[in-house]
2 protein chains.
Amino acid sequence: MSPVSSPVKPTTYLPSEIDVALAAIRFDTQGLVPAIAQQHGTGEVLMMAWMDRNAVAETMRTGRACYWSRSRQAPWRKGDTSGHIQTLVDLRIDCDGDTLLVLVDQTGVACHTGRHNCFFQAIRGGALETIAPIVVDMDKTGKD
Amino acid sequence: MSPVSSPVKPTTYLPSEIDVALAAIRFDTQGLVPAIAQQHGTGEVLMMAWMDRNAVAETMRTGRACYWSRSRQAPWRKGDTSGHIQTLVDLRIDCDGDTLLVLVDQTGVACHTGRHNCFFQAIRGGALETIAPIVVDMDKTGKD
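Residues numbered from 1 in each chain as written. Chains lettered and ligands numbered in written order. Predicted model: local features only at pLDDT ≥ 70, side-chain atom pairs only at ≥ 80, totals over all residues. Heavy atoms only, no water.

(A) Spotlight on the overall build of chain A. The secondary structure content of chain A amounts to 3 helices and 8 strands. Across chain A, helices and strands are ordered from the amino to the carboxyl terminus as α-β-β-α-β-β-β-β-β-β-α. Its C-alpha atoms give chain A a radius of gyration of 15 Å, near enough to 15 Å, the size a compact globule of 144 residues would have. The principal-axis extents of the C-alpha atoms in chain A amount to approximately 50 × 35 × 30 Å. Residues counted as buried form 56% of the 144 residues belonging to chain A. Pairs at least 24 apart in sequence give 52% of the contacts found in chain A among residues at least 6 apart. Taken as a whole, chain A presents about 6,300 Å² of accessible surface, with 51% of it coming from carbon and sulfur. The averaged location of the 16 negative side-chain charges in chain A is 4 Å from the averaged location of its 14 positive side-chain charges. (Helix = DSSP H or I, 4+ residues; strand = E, 2+ residues; numbered from the N terminus. Rg over C-alpha atoms; globule rule 2.2 N^0.38 Å. Buried < 20%, exposed > 50% of the residue type's maximum accessible area, 1.4 Å probe, protein only. Contact = heavy atoms within 4.5 Å. Areas by Shrake-Rupley, 256 points an atom, 1.4 Å probe, with all protein chains shown as cover. Lys, Arg positive; Asp, Glu negative; His and termini not counted. Charge placed at Lys NZ, Arg CZ, Asp CG, Glu CD.)

Structure (structure tokens):
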């Protein structure tokens, strides 16, 4: 599926600005930093994933969220397979420099299960319950 | 400072429900899981911290967010020093079971710097800028 463009103009950064951000981020011993993707405007927390230095730089350079896939041990440009891209709106660094908040405009859905966000399991009536519907059949779009 | 009570009634869980949640969470090799604290209602992402099994159980049992402090290597019941507690509203587990979204009602401020949330650094005009004001003098309340 070819990526659907977002109505939001991507925020991109100059190489010098990327260097400033990278200098402020404290990557962990594996060279990674957790990145929380939040929908711009609504505040919905979409997902949490990890970025290495290259993913941070690529996200800031291109205005599209890119991560490091720990399961695949490979760069992961969100939406390359599914078309469900995340357009960068703003990048925030926390007080300790060890967590990122990535404000994005999500095209389609964030979760590989086809739900809009990944946080759909909660305790209800004594059991683990799925509290959000599948809105996209990811078998048809390809998962990423 | 004694904790200020929240107007929100804390959500608490039965021991059997805590067991269900703990079984669904995939703790990392250090026995920790990242927990994103989000303000109920507004959607503001307040902070990201880590929980071990005891912190998850204590949070669910008491209805007050508790974490594991990696820097102090000790349990960390948010607000015990500052009074700035987080009252639990709902606990969400993500698709892979390896990240928590903790919906809370924040009393006071979430950040140890006295800002309302921890994500106050952003790139503006080529430099790292602080984009949120200090709203509480944490030297007076004690930090946690």
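(B) Main features of the relation of the copies chain A and chain B. In screw terms, the move from chain A to chain B is a rotation of 180 degrees and a rise of 0.0 Å along the axis, fitting with an RMSD of 0.0 Å. Here the transformation between the copies is reduced to the relation of a two-fold axis. Of the C-alpha atoms belonging to chain A, the one lying closest to the rotation axis is found on G43 of chain A, 2.4 Å away. Interface residue correspondence from chain A to chain B reaches 100%, placing this contact among same-surface, isologous pairings. (Least-squares fit on C-alpha atoms with pLDDT ≥ 70 in both.)

(C) Just the environment of I85 of chain B, in detail. Residue and element names in this part refer to chain B. Tracing the sequence through the fold places I85 in the loop between strand 4 (74-77) and strand 5 (86-93). Taking relative accessible area as the criterion, I85 reaches 7% and is therefore assigned buried. Separated by 10 residues in the primary sequence, I85 and P75 have C-alpha atoms spaced 15 Å apart.

(D) Region of the structure containing the pairing of strand 3 (residues 66-69) of chain B. Residue and element names in this part refer to chain B. By the alternation rule, side chains of strand 3 split into C66 and W68 and Y67 and S69, which are all buried. The sheet contact formed by strand 3 and strand 4 spans 4 bridges and is antiparallel. In the sheet register, W68 faces strand 4, and the bridge partner there is P75. In textbook terms, the turn of a hairpin is the stretch between consecutive antiparallel strands, and for strand 3 and strand 4 this stretch comprises 4 residues, one of which, Q73, has a positive phi near 50 degrees. (Pairing = 2+ DSSP bridges.)

(E) Structural view of the interface of chain A and chain B. Listed as interface residues are 40 residues of chain A and, on the opposing side, 40 residues of chain B. Roughly 3,000 Å² of surface becomes buried between chain A and chain B when both sides are summed, with 66% attributable to carbon and sulfur atoms. It is C95, F119 and I123 of chain A in chain A that bury the most area against chain B; as a group they hold 21% of the surface buried on that side. Here D90 of chain B ties to R124 of chain A by a salt bridge, and the two come within 2.7 Å at their closest N and O atoms. Those elements that provide at least two residues to the side of chain A that touches chain B are helix 1 (15-24), strand 1 (33-39), strand 2 (45-51), strand 5 (86-93), strand 6 (100-106), strand 7 (121-124) and strand 8 (127-130) of chain A. A per-class count over the side of chain A that touches chain B returns 24 nonpolar, 8 polar and 8 charged. As paired strands, strand 7 of chain A and strand 5 of chain B are joined by 2 bridges and run antiparallel to one another. Within strand 5 of chain B, the position partnered with A122 of chain A by the bridge is R92 of chain B. (Buried area = accessible area lost by both parts, 1.4 Å probe. Salt bridge = Lys/Arg side-chain N within 4 Å of Asp/Glu carboxyl O. Nonpolar A, V, L, I, M, F, W, Y, C, P; charged D, E, K, R; others polar.)

(F) Highlighting the sheet that holds strand 5 of chain B. Reading across from one edge, 8(A)-7(A)-5(B)-6(B)-1(B)-2(B) is the order of the 6 strands in this open sheet, with mixed pairing throughout. Looking at strand neighbours, the two that pair on one side only are strand 8 of chain A together with strand 2 (45-51) of chain B, the edges of this open sheet. Each neighbouring strand pair of the sheet contributes to a mean axis angle of 40 degrees, computed without reference to strand direction. Across 6 bridges, the pairing between strand 1 (residues 33-39) of chain B and strand 2 of chain B is antiparallel. Looking across to strand 2 of chain B, one finds that A37 of chain B is bridged to M47 of chain B. The strands touched by helix 2 (residues 53-62) of chain B within the sheet are strand 7 of chain A together with strand 1, strand 2, strand 5 and strand 6 (100-106) of chain B, with strand 2 of chain B carrying the most contacts at an inclination of about 125 degrees. (Axes fitted to C-alpha atoms, helices over the stretch in contact; angles between N-to-C directions.)

(G) Spatial organisation of the packing of aromatic side chains. Counting across every chain of the model gives 3 aromatic pairs over all chains. Aromatic side chains W50 of chain A and W50 of chain B sit 6.4 Å apart centroid to centroid with 45 degrees between the ring planes, which places their arrangement in the tilted category. In this pair, W50 of chain A sits in strand 2 while W50 of chain B sits in strand 2, so the two residues belong to two different chains. Taken as a pair, W50 of chain A and W50 of chain B share a single burial class, namely buried. Judged by centre distance (5.3 Å) and plane angle (45 degrees), the rings of Y67 of chain B and W76 of chain B are tilted. Across the pair, exposure class does not vary: Y67 of chain B and W76 of chain B are buried alike. Over the ring of F120 of chain A we find R115 of chain A, and its NZ or CZ is 4.2 Å from the ring centre. (Phe/Tyr/Trp six-rings, centres within 6.5 Å; stacked < 30°, edge-to-face > 60°. Lys NZ or Arg CZ within 6 Å of the ring centre and 35° of its normal.)

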